[in-house]
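What follows is the residue order along each chain.
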Amino acid sequence: MNISDFARAGRISVRMLRHYDHIGLLTPAHVDARTGHRTYAPEQLPRLHRLLALKTLGFSLAQVGEMLEAGMDLQRLRTMLAARRDELNRQVRADRHRLARVEARLALLQEEPPMNTTITTTTAAAMHLAAVTDEHPGPDRRSAGALIEPLFTRASDLGDEAGIDRIKPVGYYPHRAGGVHLATGFEIGPDEAAAGAAVLAGLEVVEVPPATVATLLHVGEMSEIGATYAELGRWAGERSVLGPCTWREVYLEADGTDQSDWVVQVQLELAQEVVAPGAE
């Protein structure tokens, strides 16, 4: 294979192949003494793939060279890459949550006095939760609150035992026949969701589907969140877009026992997409 074909097969630039040759990481199978043209054997592709995988993991080129010379077991490399993928997924979730917190604070700072009263509509992405679940016989959020707080405490303890991150706490409360299904826990990645009970130490995997939602920020004590629910319900009812009464709570700021500065995004699923979504 000439250098261009080998570069395409390895999804790398010709320039980088020349660099790896120059530093002795991957020398061509043959170099024409007269023209200097490099040719590579197909059997060199596995070495190139290992080289690039180790580089992606953050090893220096010197370390990559040492590991290649010592022999890199394919299964070990797959394990290392999977661990790196999981780490990056956790970072992405953490960044998404930090972005939501920044947006929430911006919304609060844009109003005077600093209390957000703006209802917006958006598309909430699908997610999986590692959660503790229970049933509540009535629709009232205030009475359900007595169950929700200990459920979150239980989910936190089990999450620590399972070693999952607790970056994004979420409550998911779909109404069903006879009451409300309560699921409280933390967003997890697809691999953790697929593993399920095998790694979640008693936590249940709950699938939260995508949906068009109306959102309103609640700031302060959770005992007062019923007013936020009522305002969202009134808004959706007036516009005839109220769905099957499924609610979500995304906890943006919820550290410590003092709830005076907690920020929770309350979401109400809508029956249909609102025309001209945005501030109301």
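Computed from a prediction, not measured in an experiment: that's the story for all the values here.

In this section: unusual backbone geometry. One non-glycine residue with positive phi stands out, namely R11, at about 55°. One non-glycine residue, S240, lies in the positive phi region at around 55°. With respect to the helices, strands and loops of the structure, S240 is situated in the loop between helix 9 (226-238) and strand 10 (242-253). Among the residues examined, S240 registers a relative accessible area of 59% and is labelled exposed.

Bringing the packing of aromatic side chains into the picture now. Any aromatic ring pair is given by two values, namely how distant the centres are and how the planes are angled relative to each other. By the definition in use, this model includes five aromatic pairs. Ring geometry for F6 against Y40: centres 4.5 Å apart, planes inclined by 10°, an arrangement best described as stacked. With F6 in helix 1 (residues 3-10) and Y40 in the loop between strand 2 (38-39) and helix 3 (45-56), this pair connects stretches of sequence that are 34 residues apart. Here F6 falls in the buried class, since its relative accessible area comes to 0%. An aromatic cluster of three or more residues is present, and its members are F152, F186, Y251 and W262.

Let us now look at helix 4 (residues 61-70). Looking only at helix 4, the buried set comprises V64, G65, M67 and L68. Following helix 4 by one or two positions, G71 has its phi on the positive side, about 95°.

Looking now at the pairing of strand 10. The buried fraction of strand 10 amounts to nine of the twelve residues, a majority that puts the element mostly inside the structure. Bridge count between strand 5 (residues 169-173) and strand 10: four bridges; the pairing is antiparallel. Note on strand 10: the bridge partner recorded for Y173 is W247. As judged from the seven bridges shared by strand 10 and strand 11 (residues 263-270), these two strands associate in the antiparallel manner. Considered in strand 11, the bridge of R248 is made with Q267.

Where strand 4 (residues 127-136) lies against strand 8 (residues 204-208), five bridges are found, and the strand directions are antiparallel. Following the sheet pairing, M127 is matched in strand 8 by V208. Pairing between strand 4 and strand 7 (residues 179-188): nine bridges, direction antiparallel. Each bridged residue has a counterpart across the sheet, and for L129 the counterpart in strand 7 is E187.

Another point: helix 6 (residues 141-162). Compared with the 32 Å implied by 1.5 Å per residue over 22 residues, the 29 Å span of helix 6 between its first and last C-alpha is a close match. Along helix 6, the sharpest change in direction is near 35° and occurs at L147; proline P150 comes one to four residues later. Taken together, the buried positions of helix 6 are R141, A144, G145, I148, L151, F152, A155, S156, L158 and G159. Positive phi shows up at G163, right after helix 6, with a value of about 75°.

With 34 residues, the main nonpolar core has Y173, L203, L232 and Y251 as its most contacted residues. Put simply, the parts of the chain that give this core at least two residues each are strand 4, helix 6, strand 7, strand 9 (211-219), helix 9, strand 10 and strand 11. A per-element tally of this core places helix 6 first, with six residues. By size, the runner-up hydrophobic cluster in this structure holds 22 residues, among which are Y40, L51, L54 and L68.

Calculation criteria
Residues numbered from 1 in each chain as written. Predicted model: local features only at pLDDT ≥ 70, side-chain atom pairs only at ≥ 80, totals over all residues. Heavy atoms only, no water. Helix = DSSP H or I, 4+ residues; strand = E, 2+ residues; numbered from the N terminus. Buried < 20%, exposed > 50% of the residue type's maximum accessible area, 1.4 Å probe, protein only. Phe/Tyr/Trp six-rings, centres within 6.5 Å; stacked < 30°, edge-to-face > 60°. Pairing = 2+ DSSP bridges. Expected span 1.5 Å × (residues − 1). Bend = angle between axes of the 7 residues up to and from the residue. Core = buried A, V, L, I, M, F, W, Y, C linked by side-chain atoms within 4.5 Å.

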